[in-house]
Amino acid sequence: MNTNTSILSDEYPSFDVTLPDGREFDISTAAGTASYLQNVDFTTIRPIDTTVKELIKIQKNERENPNYLNLVMTLNQFLAFLVNNADRDVFLEKVPQVEIQSWLNYMIQELKRLSETPIWTQTGALNECDTIALTICIPLFSHLAPVELAFDNDFFEVLANFAKVQREGNHALPNPEVCECLSIIVGNAFFVALSKWTPEKAFKKLEASGVLFEYLRYATTPSSQGRRAAQAIRSIDALLANLRDCHVFLFKKFQRGQPCGDLVSAILQGQDGSPQRRPEITSVFQEIVFIANQGDVTEPRHICSTCGLAGETYAVEQKLLACSRCHSAYYCSKRCQRADWKNHKPFCKTCSKTKIDSMEKRAESFAIENYVSIVMRMVVECDKAGLEVEDMVIEVDFALNQDGVDRPLLEPTSLFKIKPRLSYDNDFSKELLPKPPLKAACFLLLFNTKIIGSLALIM
């Protein structure tokens, strides 16, 4: 790869790539990258494969050779500019799979080699050259083709083993910069995979590879002062928010006795992970444990009030229809609902008013008791969305236990979500979701995920 670039730092004024005919393209710009991809002939020029072969050649006998570090840094920047500046469709069309496969093979061999080095197994640190090599995964995994190849070639199994040998050899977490890098790699792969799979399927693949287990430990690491710290935090928070919402997956893989479930419990008990983790991590882990262990996954959550047909279980989402007024009775069909109306009507009217009054009181108590946690989450979510407190909604749910009895609100952990008000515009009328006064938050009250009312509380 013929390049001409300044000494690599956080800012790169230019990155010129020279073709065999002498033409130069500055791929540090979108226009330069587009022009380069239109003119380069990947059937005769293999910049990634050629560079990888040079790296392997130097690495065999002269790993301390300065050329090795320069080549790694050059490859890192070439891929970063190419991925970040290229149109997504053009990148997938122009860059052949053999080029991506060559890079992936190199990374797999590097991870296997690093898994045997004392500096990694004993201290959880990597030298500068190896750290840069690992960061090459970050830009590549923002495209689907490299992510699909990574899953097909067991890259994440190798990455999980890389983390595992350090955990077993040292027991402590790696240094924050390495944890952030690996967290971003897994996060990028997960979110890109969502263009092809559901969140549940993506999590299932990550869990099967073993890398989700290691990711949960790394997510607890305090932030470094490095330039990737903010990116890692955003990636971790977004991925864990998706994980928290995958209830069926949590019921299967995060119950007590399952590796991921036992790990999260150990982290909350201070037996694993970092005790200096962010409060947001503790909160979402508490929610995950609560959701995963709230009932037997084979027991029906509801039954039809008329015919007794068992409805959805915690493992199978075969939903029944809930009474839209009280949300306490469930039916397998409108026919059964009409047949039961005469018996249900007196109870429904009384239950609805009593339930809402009770929920409003308990929601107010919840807000007071969990004020600090709510405010901290609110600050984070407002910052992410660029909105004020009054533009957000705090969603709290009154779950049922498997016997159908109303559980005390949000016990033993605080189950609540914070979302922009705008996300509810198509679902609720302005009367149901009134605009709260300045610096007040709107609490949206749910019963088994059904909206039943709201109230505004000063934050």
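Below is a summary of the structure that appears in this document.

Cut-offs and rules
- Once a new chain begins, its residue numbering starts again from 1 and follows that chain's sequence as written.
- Local features in this predicted model are restricted to residues whose pLDDT is 70 or higher, and side-chain atom pairs enter the listing and the counts only when it is 80 or higher, whereas totals over whole chains, interfaces and linings include all residues.
- Computation of side-chain values covers all heavy atoms of the structure but excludes hydrogens and water.
- For helices the rule is a DSSP run of H or I covering at least 4 residues; for strands it is a run of E covering at least 2, with both sets numbered from the N terminus onward.
- Think of it in three bands: with a 1.4 Å probe and only protein chains considered, a residue is buried below 20% of the maximum accessible area for its type, exposed above 50%, and partly exposed in between.
- Any pair of residues with heavy atoms lying within 4.5 Å of one another is described as a contacting pair.
- Areas reported here follow the Shrake-Rupley algorithm with a probe of radius 1.4 Å; residue values treat only the protein chains shown as occluding.
- Identification of polar contacts relies on pairs of N or O atoms within 3.5 Å, with a donor-acceptor requirement for protein atoms, meaning one able to donate a hydrogen and the other able to accept it, and with residues adjacent in sequence counted only if both atoms are side-chain atoms.
- Cavity and pocket criteria rest on a 1 Å grid covering protein atoms alone: a 1.4 Å probe that fits but cannot get out defines a cavity, protein on both sides within 12 Å along at least 5 of 7 lines defines an open pocket, and an atom within 4 Å of a point defines a lining residue.
- Grid points are joined across faces, edges and corners, and a volume is the space filled by probe spheres set on the points.
- Amino acid classes used here: Ala, Val, Leu, Ile, Met, Phe, Trp, Tyr, Cys and Pro are nonpolar; Asp, Glu, Lys and Arg are charged; the rest, including Gly, are polar.

A word on the overall build of the chain. Scanning the chain from N- to C-terminus turns up 19 helices and 9 strands. Sorting the 459 residues of the chain into buried and exposed places 49% on the buried side. Excluding contacts between residues fewer than 6 apart, the proportion of contacts in the chain whose partners are at least 24 apart in sequence is 65%. Total accessible area computed for the chain in this model is approximately 22,100 Å², and 51% of it derives from carbon and sulfur atoms.

Let's shift gears to the side chain of R167. By the secondary structure assignment, R167 is in helix α10 (residues 155-170). In terms of polar contacts, R167 uses its side chain to reach the side chain of E214, at 2.6 Å. Ignoring any residue separated from it by four or fewer positions in sequence, one finds R167 in contact with F213, E214 and R217.

Residues other than glycine predominantly adopt negative phi, and peptide bonds predominantly adopt the trans conformation. With a phi close to 60°, D154 is a non-glycine residue in the positive phi region. Tracing the sequence through the fold places D154 in the loop between α9 (144-152) and α10.

Per the counting criterion, the structure on display carries 3 cavities of 30 Å³ or more. Its volume calculated, the largest cavity comes out at about 100 Å³. For the lining of the largest cavity, the elements supplying multiple residues, two or more each, are α11 (176-193) and α14 (229-245). The biggest single contributor to the lining of the largest cavity is α14, with 4 residues. Of the residues belonging to the lining of the largest cavity, the class tally is 8 nonpolar, 3 polar and 2 charged. Roughly 50 Å³ of internal volume is contained in the second largest cavity. Together, L159, A163, L182, S183, V186, V211, E214, Y215 and Y218 line the second largest cavity. Listing elements by their share of the lining of the second largest cavity, those giving two or more residues are α10, α11 and α13 (211-218). It is α13 that provides the largest number of residues to the lining of the second largest cavity, a total of 4 residues.

Interpretation in functional terms is not warranted from these geometric data alone.
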